[in-house]
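Reading the structure
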Amino acid sequence: MRKLPPSPDRAEPATAAPVPATGKDEAVLRALLDALPLRLFVKDRQSNYLFCNRTYASVLGLSGESMAGRNDYAYFPAELASRYRGDDQRVMSERITLSQEEPFHLDGQPGWIRITKLPWLDAAGEVGGVIGYFTDITPHKRAEARYETIIQTSLDAFVMVGSDARLLEVNDASCRLTGYSRDELLAMTLFDLEAQQTADEIQANLTRITLGGGGVFQSHWRERGGRHIPVEVSVRMLDEGSGAHFFAFLRDISERKRTEQALARKTAMYALLSRVNNAIVKTTDAQTLFDEVCRDAVVLGGFALAWIGRADADGRVRVAARAGTENCAAYPETIAISVSAELPSGRGATGTAIREERPVISRYLLQDEDAPWHGSAEHYGLRSSVALPIGGGDFRGALNIYSRVDDHFDEDIFALVKEVAGDISFALRKISDTEQRERAEAQLALYAQVFGNSSDGMTITDADNNIVAVNQSFVDITGYTRDEALGQNPRLLRSGRHDHQFYQDMWRALNEQGSWQGEIWNRRKNGDLFPEWVTINVVRDRSGRITNHFAVFSDLVQKKAAEELSRLKRFDALTGLPNPVMMEDRISEAIVHAQQHGRYVGLLFINIDHFHMVNDLFGHVAGDQVLRQSAQRLVDVVGPRGTASRFSGDIFVVALPDLNASSEINPLAAALLTAIAEPYSVDGQAINLSARIGIAVFPNDGDDFATLMKNADAALLDAKVGGKNTFRFFTARMNEHAQRLLTIGGELRDAIRERRLLLHYQPQVDLGNGRIVGFEALVRIAHPERGLIPPGEFIPIAEENGMINELGNWVIDEACRQRRAWLDAGFGNFVVAINLSPLQLAQPGLPSFIAGALTRHGLPGYLIELEFTESALMRRVEQTLALMNEFRSLGLRLSIDDFGTGYSSLSYLRQFPLDKLKIDQSFVRNLAARGSDASIVQAVIALARALRLSTIAEGVETEAQRAELQLLGCDEMQGYLFSRPLSAATVTPLLQRSR
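Definitions and cut-offs
- Along each chain, the written sequence defines residue order, and numbers are assigned to residues from 1.
- In keeping with the model being predicted, local features are shown solely for residues with a pLDDT of at least 70 and side-chain atom pairs are shown and tallied solely at 80 or more, while totals for entire chains, interfaces and linings include all residues.
- With hydrogens and water excluded, all non-hydrogen atoms of the structure serve as input to the side-chain values.
- For the purposes of this entry, the term helix denotes a DSSP run of H or I that reaches at least four residues, the term strand denotes a run of E that reaches at least two, and both are numbered from the N terminus.
- For a compact globule the rule gives 2.2 Å times the number of residues to the power 0.38, and the radius of gyration it is set against comes from C-alpha atoms.
- The rule is simple: take the accessible area with a 1.4 Å probe, protein chains only, and divide by the maximum for that residue type; under 20% is buried, over 50% is exposed, in between is partly exposed.
- Here, two residues are considered to be in contact whenever any of their heavy atoms come within 4.5 Å of each other.
- Accessible surface is estimated by sampling points in the Shrake-Rupley manner with a 1.4 Å probe; for residues, cover comes only from the protein chains shown.
- Within this scheme the basic residues Lys and Arg register as positive and the acidic residues Asp and Glu register as negative, but His and the chain ends are omitted.
- Charge positions come from single atoms, namely NZ of Lys, CZ of Arg, CG of Asp or CD of Glu.
- A helix is expected to span 1.5 Å multiplied by its residue count minus one.
- Throughout this description, the term salt bridge denotes a Lys or Arg side-chain nitrogen within 4 Å of a carboxyl oxygen of Asp or Glu.
- Pairing of aromatic rings covers Phe, Tyr and Trp, the last counted by its six-membered ring, and requires centre-to-centre distances within 6.5 Å; plane angles under 30 degrees mean stacked, over 60 mean edge-to-face, and any other angle means tilted.
- We call two N or O atoms a polar contact when they sit within 3.5 Å, provided that within protein one can donate a hydrogen and the other can accept it, with sequence-adjacent residues counted only if both atoms are side-chain atoms.
- Side-chain atoms within 4.5 Å are what join buried Ala, Val, Leu, Ile, Met, Phe, Trp, Tyr and Cys residues into a set we call a nonpolar core.
- By convention here, the domain bounds are inherited from an automatic or database domain assignment.
- In this analysis, strands are considered paired if DSSP registers two or more bridges between them.
- Here the axes come from fitting lines to C-alpha atoms, over the contacting stretch only for helices, and the angles between their N-to-C directions go from 0 to 180 degrees.
- Roughly parallel means an angle under 35 degrees; roughly antiparallel means over 145; roughly perpendicular covers 65 to 115; every other angle is labelled oblique.
- A crossing counts as left-handed when the near helix is turned anticlockwise from the far one by less than a right angle, and as right-handed when that turn is clockwise.
- Each residue is assigned to one class: nonpolar for Ala, Val, Leu, Ile, Met, Phe, Trp, Tyr, Cys and Pro, charged for Asp, Glu, Lys and Arg, and polar for all the others, Gly among them.
- A residue counts toward a patch only above 30% relative accessible area and without a salt bridge, and it is joined to like-charged neighbours within 9 Å or, for Val, Leu, Ile, Met, Phe, Trp and Tyr, to nonpolar neighbours within 5 Å.

Before going further, it helps to spend a moment on the overall build of the chain. Broken down by element type, the chain carries 34 helices and 37 strands. For the chain, whose C-alpha radius of gyration is 44 Å, the value lies well above the compact-globule estimate of 30 Å for 995 residues. Structurally, the chain occupies a C-alpha span of about 135 × 90 × 75 Å along its principal axes. Within the chain, buried positions represent 44% of all 995 residues. Across the chain, the fraction of contacts at a sequence separation of at least 24, relative to all contacts at a separation of at least 6, is 56%. Summing over all exposed atoms, the chain offers an accessible surface of approximately 50100 Å²; the carbon and sulfur share of this is 52%. Distance from the positive charge centre (107 side chains) to the negative charge centre (128 side chains) of the chain: 3 Å.

Turning our attention to helix α19 (residues 580–597). If you check α19, its first and last C-alpha atoms are 25 Å apart, about what 18 residues at 1.5 Å a residue would give, namely 26 Å. Where α19 is concerned, the buried positions are Met 582, Met 583, Ile 587, Ala 590, Ile 591 and Ala 594. Positioned one or two residues after α19, Gly 598 has a phi angle of 65 degrees, which is positive.

A few words on the pattern of salt bridges. The full count for this structure, using the stated rule, is 42 salt bridges. As a salt-bridge pair, Glu 747 and Arg 786 come within 2.8 Å of each other at their nearest N and O atoms. One end of the pair, Glu 747, is in helix α24 (residues 732–753); the other, Arg 786, is in the loop between β29 (772–783) and β30 (787–789), and 39 residues separate them in sequence. It is possible to trace a salt-bridge network through shared partners that takes in Lys 43, Asp 72, Asp 88 and Lys 117.

Scanning the entire structure with this criterion turns up 22 aromatic pairs. Ring centres of Phe 290 and Phe 395 lie 5.0 Å apart, and the angle between their planes is 50 degrees; on these two criteria the pair is classed as tilted. In this pair, Phe 290 sits in helix α11 (residues 286–299) while Phe 395 sits in strand β15 (residues 395–403), placing the two residues 105 residues apart along the sequence. Comparing Phe 290 with Phe 395 shows no difference in burial state: the two are buried. Residues Tyr 761 and Trp 822 carry aromatic rings whose centres are separated by 5.0 Å and whose planes lie at 75 degrees to one another, so their mutual orientation is edge-to-face.

The topology assignment puts Ser 99 in strand β3 (residues 98–106). In terms of polar contacts, Ser 99 uses its side chain to reach the side chain of Thr 116, at 3.2 Å.

Leu 866 and Phe 887 are the most contacted members of the largest nonpolar core, which totals 76 residues. Examining the composition of this core, we find that 7 residues originate from one element, helix α26 (residues 804–824), more than from any other. Not counting residues up to four positions away in its chain, the partners in contact with Leu 866 are Ile 834, Leu 836, Ile 850, Phe 887, Leu 892, Arg 893, Leu 894 and Ser 895.

Turning our eyes to something else, we now look at unusual backbone geometry. The amide bond that connects Phe 698 to the next residue, Pro 699, takes the cis arrangement and shows omega of 5 degrees. For Pro 699, the position within the fold is in the loop between β26 (691–698) and α23 (705–721). Phi at Arg 948 is positive, roughly 60 degrees, even though this residue is not glycine. Looking at where Arg 948 falls in the secondary structure, it is placed in the loop between α32 (932–946) and β35 (950–954).

This part takes up the domain arrangement of the chain. Each domain of the chain was delimited in the assignment, giving domain 1 (28–138), domain 2 (154–258), domain 3 (285–435), domain 4 (455–562), domain 5 (570–730) and domain 6 (744–994). The straight-line distance from the C-alpha centre of domain 2 to that of domain 4 is 100 Å.

Within a sheet, each strand pairs with its neighbour through backbone hydrogen bonds, oriented either parallel or antiparallel. One open sheet holds the 5 strands; their spatial order is β17-β16-β20-β19-β18, and the pairing between them is antiparallel. At either margin of the open sheet sits one strand with a lone partner, and together these are β17 (467–470) and β18 (515–523). Strand after strand, the sheet turns through a mean of 25 degrees between neighbouring axes, direction not considered. Where strand β19 (residues 529–540) and strand β20 (residues 546–555) come together, 9 bridges link them in antiparallel fashion. Within β20, the residue paired with Val 538 across the bridge is His 549.

Attention shifts here to the pairing of strand β33 (residues 893–899). Across the 7 residues that make up β33, a large majority, 5, are buried. The pairing of strand β32 (residues 864–869) with β33 spans 5 bridges and is classified as parallel. Bridge assignment links Thr 869 to a residue of β33, and that residue is Asp 897. Examined bridge by bridge, β33 and strand β34 (residues 916–919) share 3 bridges and lie parallel to one another. Directly across from Phe 899, in β34, lies its bridge partner Ile 919.

We now examine the packing of α11 against helix α14 (residues 411–453). Across the interface, α11 lies against α14 with an axial gap of 10 Å and an inter-helix angle of 165 degrees. As the angle between them shows, α11 and α14 are arranged roughly antiparallel. Pair α11 / α14 crosses with right-handed handedness. Contacts from Ala 286, Leu 289, Phe 290 and Val 293 in α11 reach Val 420, Ile 424, Ala 427, Leu 428 and Ile 431 in α14. Considering only residue class, the contact of α11 with α14 consists of 9 nonpolar, no polar and no charged.

A cluster of nonpolar residues, Leu 444, Leu 446, Tyr 447 and Val 450, forms a patch on the protein surface that exposes about 410 Å² of accessible area. Overall, Leu 444 belongs to the exposed group, its relative accessible area being 55%.

One open sheet accounts for 5 strands, arranged β12-β11-β15-β14-β13; its pairing is antiparallel. Two strands in the sheet have a free side with no partner beyond their single neighbour: β12 (317–324) and β13 (360–362). Ignoring strand direction, the axes of neighbouring strands in this sheet form an average angle of 20 degrees. Note that β13 and strand β14 (residues 384–392) share 3 bridges and pair antiparallel. Bridging from a neighbouring strand, Ser 362 pairs with Ser 385 of β14. Along the sheet, α14 contacts β13, β14 and β15; its crossing angle with β14, the most-contacted strand, is approximately 25 degrees.

This is how it looks when you write it as structure tokens:
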């Protein structure tokens, strides 16, 4: 009897317990089992037969009923029955499936069968016995005899190897593969032929195959001439009782390897192309793109060197970016390259590619020994290259790629690197276009800011001289509101003091010279006459046709009074230095600039020591002289680098904006102390004073004026402990900030782990019919001691410490789960809005996560609305647009949150697949006053309609606000007027009442 290896052990057999049946059910079950072609039996734990079907019993010449309760000893020789029982016990104890092949007489004829046994489990999950069946495999065994012929005629090499690694049988193909005769091979072992593995490794491999029964792997065999041939080996082990034999087919895969290597090179190039395209999407500056392309060409493309050269105005080519293996990156610096065809340095591949705007391949870089680059190329082992022209915007240059292999750049590789170069040129054009657009948009924004914030009145009229725009100063000077002025002729302000000839002369100058300047008397809305100095300019289109008139005017009566009042409001009367109000403005502006450009701002709190003694000893007049002299000394030291101001009494403040590092403050602080320490001359008396300075730095010690002042004051107190002429930097904020991060971050982490996060839902209502159309999901922390913690306390921390994605994913999943629950309860016609942090938009796989949440909860995408802030959309427009299109493909609704608080480009806004604009509550708050906020809301609603978007106003708290919104045509509202945010349990009754 030949025993096959058992099938893999199973921790739990798949066989369920036999189901007892009675009466008619039992008859049906028996009939079913009797009809099976398998010879099947069931035993209990003692190996007694419980059941066997008719096919099995007929082999023994018995009936199934007569075998019940008996065992194998009743039907088989004792030795065989004992083995069968041993097999039963092993199957039950190890819970495995066991298959064996053995000779057997079927229908009086000798043959072979395969017996399979597996355990069955009772209702309690315990092994109740064995289920077995056997099949006739005689045809299979007979087929084995035919395999010998097949093996000998196989085109693949065949060898049979003994457990001692000696070759026992080979076919003709083995002789052709190795170049040895049959007799020579049969005198060899695997150790003689295997070229890749050591003897120990070969023996270990045979052991592994013995345990596993076989396998497929690749190796190298050694042919008669010593050449190594790559082969694929398919091997099986057979144990016939006389020891293990290994049967192996070997196929020469030399051609396949060559194909795979070519494919690997092509795959690497596709990976390079993909990474370049990805870099193009993400990168906003050329240098970053160049660095990534060169690095990826070496790392992914497998090239020895890649560099990008830029042609300067003088014709020289300079290295813009480079990357290389080992020391190859130094190669471009060792050669001079020009784009001039007259110079030897301009006749190489790079200069030619840039000059003639065509790719140049150097298939054998070392072939020309007289070439200027030959020595360096040979030194660095570079043997072939390609130079590809790239350009866009003001950039003109070439991408240069090198290989250590001759003629490396075949047709396929050349096509792919050419595509890479084309993509780089496309990116350069895109970057240039983006920079030009951003400059234009920034200029427009600047113009709008100047128009809105100018202290002079400004008026723009159309070609017919009807007013189309006025600024706030126009309103302040004339008394007319914007709504009252728009559409009117400027004669609205006419005073009657100028005759007809005056206006004829003015219009003649405008038509002939394009501008007019002079003094005009006009009339305010209240009837008061006032003189104004006005400048009017004509605006023409490209064809010369007048399109607008632009007038700038100032109130001559108020101007001088306003200037003096403004000076008194912003400057200290004694020293002439900026006062705290002006200092706050300047520091706030410096902070905004520093935030935009990654700079530092220093704030120095300066206190003159014992100044009160000057007043006490010499009088207040002398004290005022000392203060004026101190102010002048501070101004002399600070100069144009910053601003000195008088805060109060003997306290001065110096602001140092636009610093590269906080260390720049040290020498200036020391210079200030030295200046104060110089003797003062007051009425012939020499007075010696000292000072101390406390210093706070943005952003380390605060991000607003008040915080920096508070922390600089705290540093000044510390300086007073240190003695005269001392300055100190504030340091406490670092510890306070870390503690705050630790506390809030820990509470958030605990809330996520302990499942103490929950969502509240604030209703969104249709302004037309008052029906609920949606809810905004707002996350809370249920703190065991502090109660509900609002999101304003922990969302910024989550964004700073990196937990925002985990928190955001929980909100998405929970909102989908709750919306599914409401849908199952019969509430179908509303959306749940989810806010997305700008940081979440950069989360890899966000669309996949949302799709998974929708699938997991069986929720249609149109019942979920994602809200983006306006500023988040404009950070990375192209990436955000692609992301929103993915969201749209899921059926999700999309809206802009806090619309109007950011800065959007209408050209981009039209491209976003939006459904709704949410009007920020800052505009809703003063809506009932019908001022500028009402105009903004009206403009937003008009814009939304033009873009076919709906609008929703947030923060609606009064009936007057609701009525005004409805009058302006807003579609929906959200706020405390209708409801505060509610728990999910409270929302359900609200939905029931609103049906």
